[in-house]
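Each chain, written out:
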Amino acid sequence: MTAAAPQTPAATAPATHAPARPAPLAHAPARQAARPRSRRAAAPLLGLACAALATVVWSGSFVTSRGLHDSVPPVQHAFWRWVIALVAVAPFGARQAWRQRHLFRRHARYVLLASFLGVAVYNTLVNQAGLTTPAATMGMIMAASPVLMALLERLGGVRLGARRSTGLLLACAGVALLLGGEADFTAGGLWMLAAACCFAGYSALLRRRPAELGGTAFLFTTFLAGTVLLLPAQAVSLAVQGGFRPAPGTVLPLLYVGVASSALAFFAWNKAVALIGATRAGIVYHLQPVCVALLSWALLGERTGWPHLLCLALILAGVVLGAGSRR
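Read on for an overview of the structure.

Definitions and limits used
In every chain, residue numbers begin from 1 and rise along the written sequence. Selection of residues for local features in this predicted model requires a pLDDT of at least 70, selection of side-chain atom pairs for listing and counting requires 80 or more, and totals for whole chains, interfaces and linings are taken over all residues. Side-chain figures throughout are based on the complete set of non-hydrogen atoms in the structure, without hydrogens or water. Comment: elements are numbered from the N terminus, with helices defined as DSSP H or I runs of at least four residues and strands as E runs of at least two. Relative accessibility decides the category of a residue: with a 1.4 Å probe and only protein chains considered, values under 20% of the type maximum give buried, values over 50% give exposed, and everything between is partly exposed. Note on definitions: a residue-residue contact is assigned when non-hydrogen atoms from the two residues lie within 4.5 Å. For accessible areas, the Shrake-Rupley method is used with a probe of radius 1.4 Å. Any residue's cover is judged against the shown protein chains and nothing else. Here, the term nonpolar core denotes a set of buried Ala, Val, Leu, Ile, Met, Phe, Trp, Tyr and Cys residues that are joined through side-chain atoms within 4.5 Å. Multiplying one less than the number of residues by 1.5 Å gives the expected span of a helix. Every axis corresponds to a line fitted to the C-alpha atoms, with the helix fit spanning only the stretch in contact, and the corresponding angles, defined between N-to-C directions, vary from 0 to 180 degrees. Angular relationships are summarised with four words: roughly parallel below 35 degrees, roughly antiparallel beyond 145, roughly perpendicular across 65 to 115, and oblique for the angles in between.

### What about the overall build of the protein?
Within the protein, the secondary structure is distributed over 15 helices and zero strands. Expressed as a percentage of the 327 residues in the protein, the buried residues total 46%. A fraction of 92% describes how many contacts in the protein between residues 6 or more apart in sequence connect residues 24 or more apart. Total accessible area computed for the protein in this model is approximately 16,400 Å², and 69% of it derives from carbon and sulfur atoms.

Take a look at the structure:
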């Protein structure tokens, strides 16, 4: 009995300190859960910012297409644009694309279709429309592509929701009023409608991009495939129309569309669609007619009137309503 007495404090001493040890661990799951929640909250903002960046940069490409309409043939404009873009993206995506070449072979049909719609055909049609269509009108017609994006996503089973549908309708109404004030809808408008269909199909395809394909590797591969697809048309254009004379007035715009409007803008747009979807990014894309109208007025001297200013508020309201989060 006397021998057992000294063991009692020793046995109870650890029990008085035991509850203090797991206390710091009790907050660890909360901190770990807060990090993914903050990332999920930041993803829509990043997606909207990427969509806005691509939209503003692409607005300059419509002005460039119109500015080069009498000096660089449409096919050659598109071909050299993608050659420059390929060189700009190669340091970031070529090595990754080579490491993933077996994956690209596995998804060859998907990659070729995306390259055909988004690279080879889309920009060639835009350049063809620029031969006869003012840049502001090109931007207005191109704003029809978000409607097609929404329809394609809806056919794919994506629910749009009342808020997003209302914003889309508001932005479309603003674009329709802008287009209604234009009297010079020529055959180039049909080329632009075809370009809008191609871009909408490309954007819808981005939502189905295989997850194992890296972003920059996918960009490099589609640029490469699209350039190869343009080679026959480039050869025909050189044989029939001849080449263009390199000069600052032609080289600098081509550098802009190759580096900014192709490498930077396509990377931003692909990222935006991956984060927020084609429909939501397409609503932000409705800002393009206003940007194109302002740039064409400032750089090309094309006329602009009250329809652009009157419909700006309507387009902005639709973009804010449709692209914003439900909260």
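From this point, the discussion proceeds with the structure in view.
### Here we look at the nonpolar core
Counting 62 residues, the largest nonpolar core has Phe62, Tyr122, Phe223 and Trp269 as the members making the most contacts within it. Looking at this core, the element that brings in the most residues is helix H6 (residues 108-129), giving 11 residues. In this structure, Leu68, Val72, Phe244 and Leu254 belong to the second largest nonpolar core, which totals five residues.

### Regarding helix H14 (residues 288-300)
Its 13 residues place the ends of H14 17 Å apart at the C-alpha level, agreeing with the 18 Å of an ideal helix rising 1.5 Å per residue. Regarding H14, the residues found buried are Gln288, Pro289, Val290, Val292, Ala293 and Ser296.

### Brief notes about the packing of helix H7 (residues 135-142) against H14
Interhelical geometry of H7 versus H14 gives an angle of 170° and a closest axis separation of 8 Å. With respect to each other, H7 and H14 are oriented roughly antiparallel. Across from Ala135, Ala136, Gly139, Met140 and Met142 in H7, the residues of H14 making contact are Gln288, Pro289, Val292, Ala293, Ser296 and Leu300.

### Some words on the environment of Gln128
With respect to the helices, strands and loops of the structure, Gln128 is situated in helix H6. When its relative accessible area of 28% is taken as the criterion, Gln128 is described as partly exposed. Sequence separation of Gln128 and Gly189 is 61 residues, and the distance between their C-alpha atoms is 10.0 Å. Once residues lying within four places of it in the same chain are set aside, the contact partners of Gln128 are Pro74 and Trp191.

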